[in-house]
There are 2 protein chains.
Amino acid sequence: MQDLLYEGKAKKIYREGEGLVRQRFKDIATAFNGEKKATVVGKAALNARFCALFFELLEKEALPTHFVSFDPPDSLITLELKMIPLEVVVRNRVAGSLSKRFPAEDKKSLEPPVVEYFLKNDAQNDPKVEEDLLVSLFHYDKKELLELRSFALKVNEILGFFVQTKGVDLIDLKLEFGRSPDGSILLGDEISPDTCRFWDVETGESLDKDRFRFEKGDLIEGYQKLATRLGLGGS
Amino acid sequence: MQDLLYEGKAKKIYREGEGLVRQRFKDIATAFNGEKKATVVGKAALNARFCALFFELLEKEALPTHFVSFDPPDSLITLELKMIPLEVVVRNRVAGSLSKRFPAEDKKSLEPPVVEYFLKNDAQNDPKVEEDLLVSLFHYDKKELLELRSFALKVNEILGFFVQTKGVDLIDLKLEFGRSPDGSILLGDEISPDTCRFWDVETGESLDKDRFRFEKGDLIEGYQKLATRLGLGGS
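Residues numbered from 1 in each chain as written. Chains lettered and ligands numbered in written order. Predicted model: local features only at pLDDT ≥ 70, side-chain atom pairs only at ≥ 80, totals over all residues. Heavy atoms only, no water.

Now for the packing of aromatic side chains. Within the structure shown, the criterion is met by 14 aromatic pairs over all chains. For the pair F55 of chain B and F67 of chain B, a centre-to-centre distance of 6.1 Å together with 5° between the ring planes defines the contact as stacked. Placement of the pair is F55 of chain B in helix α1 (residues 43-60) and F67 of chain B in strand β6 (residues 67-71), with a sequence separation of 12 residues. Both residues of the pair, F55 of chain B and F67 of chain B, belong to the buried class. Through a chain of ring-to-ring contacts, three or more aromatic side chains come together here, namely F50, F54, F198 and Y223 of chain A. The lysine or arginine in question, K107 of chain A, covers the ring of W199 of chain A, its NZ or CZ lying 5.7 Å from the ring centre. Positioned over the ring face of F118 of chain B is K128 of chain B, at 5.5 Å from the centre of the ring. (Phe/Tyr/Trp six-rings, centres within 6.5 Å; stacked < 30°, edge-to-face > 60°. Helix = DSSP H or I, 4+ residues; strand = E, 2+ residues; numbered from the N terminus. Buried < 20%, exposed > 50% of the residue type's maximum accessible area, 1.4 Å probe, protein only. Lys NZ or Arg CZ within 6 Å of the ring centre and 35° of its normal.)

Below, the structure is given as structure tokens:
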């Protein structure tokens, strides 16, 4: 029935109709560019629900995204985009690869938030790249980069504010963008505890994929805790 | 007679008088954060002459530097600055640490030139740091960073044009800045084949410290070739 267009580490993309695709999440967790991998029953359905929640929130705030609808239990129907092969990371606090680079600064607050870029290139392990290099070596348009940066900062602000009201800190997030057929830039990919760091405001407990990366506790337990906090109720 | 203020890897700094210091170059080459080290007779005098040539050129173009005078054979008299603990690198072509990061892009031209920053911190091996992080984590002033960037790009332009007319390509250069007592920003440190990459336009031969780093030929022979090209005549 369904035409598989692409299989990624955490989801499969199927053709769904004219200009539409189905993003079907997988019950698989991976980390460290796929070096660590495990089956995690229930993860797909949770992440699809997080995505629906976050994309609806952003759409309500007039940010253009690829989101069309949530198709329970584990799929999103989205616009088909021509993806920009770049990960745009926004950081509100030092964690992850940044605390590896600057261990003495671990967990420090970043004000204003810091934007980083990574080339999507598994063979090169998604190398970090700076705005200057994107323009002068990889031929990105400076204006388009500023648009991505400003878009990413708005997503960070909206999401960060929303989860804060639920007792959760948004530590950092990774976004990917694409173009619709008319050339406009839309937020694509996913927004979930796979691609964001969420910490309990009070205890600092990780409610995200760091549980899997660094054996910080059961992944599903953390994702369910986050779902409850964000008002998604029982599964 | 002289009051040693500081001994670096390539020079000693002495107090010279009110607000002045003597930068006395050493006949020593180091690389890879001091891991590789050798005595190179004649290097100090050559580098002092390169610095004098380059700083005079920049001063003539109205760029403020710490340079006061050349005191042969191996010293510069300079203003005493409060140094900003940052290396500002300008790249016109992919080489050095950048070609290590992107081997497939080695030697490619960068247009416009790319600016990078490194924290001066030997213990951490001078880590690379981005503008966003300098502001949000290390409390640099955004406006001051833009001033450093624009200053560094001007130095690159003036030096690049000058050596180009002599058949030499300026591939990249590392600059350090400081503040004079009135708070204004001046170019400090040195400008020499220790801190710049210079390639023969025709042959691509390195006329800089890469000869020492990567065993690309006798260092002094390369520095003397560069001196001759730049009109510094015999030693």
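If you look at the biggest cluster of nonpolar residues, it comprises 64 residues, and the most contacted ones within it are F50, F54, L86, F177, L187, I191 and F198 of chain B. Here this core takes 11 residues from α1 of chain B, the largest share from any one element. Discounting chain neighbours no more than four positions away, the residues touching F50 of chain B are I191, S192, P193, Y223, L226, A227, L230 and L232 of chain B. Within the second largest apolar cluster, 63 residues are counted, among which are F54, F67, L148 and F198 of chain A. (Core = buried A, V, L, I, M, F, W, Y, C linked by side-chain atoms within 4.5 Å. Contact = heavy atoms within 4.5 Å.)

Quick look at the domain arrangement of chain A now. Residue and element names in this part refer to chain A. The domain boundaries assigned to chain A delineate domain 1 (4-79) and domain 2 (82-218). With centres defined by C-alpha atoms, the gap from domain 1 to domain 2 works out at 17 Å. Between domain 1 and domain 2, the contact holds 27 residues from the first and 25 residues from the second. Scanning the region where domain 1 abuts domain 2 turns up 4 salt bridges. (Domains from an automatic or database assignment. Salt bridge = Lys/Arg side-chain N within 4 Å of Asp/Glu carboxyl O.)

All names here are of chain B. Running from N to C, α1 and helix α4 (residues 142-164) cross one another at 115°; their axes reach a closest spacing of 10 Å. Regarding α1 and α4, the two cross each other, and that crossing is right-handed. Counting all contacts with α1, which are made through L53, F54, L57 and L58, the residues of α4 involved are V155, I158, L159, F162 and V163. (Axes fitted to C-alpha atoms, helices over the stretch in contact; angles between N-to-C directions. Left-handed = near helix turned anticlockwise from the far one by under 90°.)

With that out of the way, let us pick up the sheet that holds strand β6 (residues 67-71) of chain A. All names here are of chain A. Overall, antiparallel pairing links the 5 strands, which are arranged β1-β2-β3-β7-β6 in an open sheet. The open sheet terminates on both sides in strands that have one partner only, identified here as β1 (3-7) and β6. If you compare each strand with its neighbour and ignore which way they point, the axes differ by 25° on average. Strand direction decides the pairing type here: β6 and strand β7 (residues 75-79), joined by 4 bridges, are antiparallel. By the bridge assignment, S69 is partnered in β7 with I77. Across the sheet, helix α1 (residues 43-60) lies against β3 (20-25), β6 and β7, angled at about 145° from β6, the strand it touches most. (Pairing = 2+ DSSP bridges.)

Time to look at the relation of the copies chain A and chain B. Taken as rigid bodies, chain A and chain B are interconverted by a rotation of 180° and an axial shift of 0.0 Å, the fit giving an RMSD of 0.0 Å. In symmetry terms, the pair is related by a two-fold rotation axis. Looking at the rotation axis and the C-alpha trace of chain A, the residue lying nearest is E130 of chain A, at 3.8 Å. (Least-squares fit on C-alpha atoms with pLDDT ≥ 70 in both.)

The next subject is the interface of chain A and chain B. Counting residues at the interface gives 27 residues for chain A and 27 residues for chain B. Carbon and sulfur atoms make up 60% of the surface buried where chain A meets chain B, a total of about 1,900 Å² over both sides. Note that R101 of chain A is salt-bridged to E130 of chain B, the shortest N-O span being 2.9 Å. Our enumeration of links across chain A and chain B arrives at 10 residue pairs in polar contact (both at pLDDT 80 or more). Broken down by element, the side of chain A that touches chain B gets its largest block of residues, 9 residues, from strand β10 (residues 109-119) of chain A. Tallied by class, the residues present in the side of chain A that touches chain B amount to 15 nonpolar, 3 polar and 9 charged. (Buried area = accessible area lost by both parts, 1.4 Å probe. Polar contact = N/O pair within 3.5 Å; in protein donor to acceptor, adjacent residues only side chain to side chain. Nonpolar A, V, L, I, M, F, W, Y, C, P; charged D, E, K, R; others polar.)

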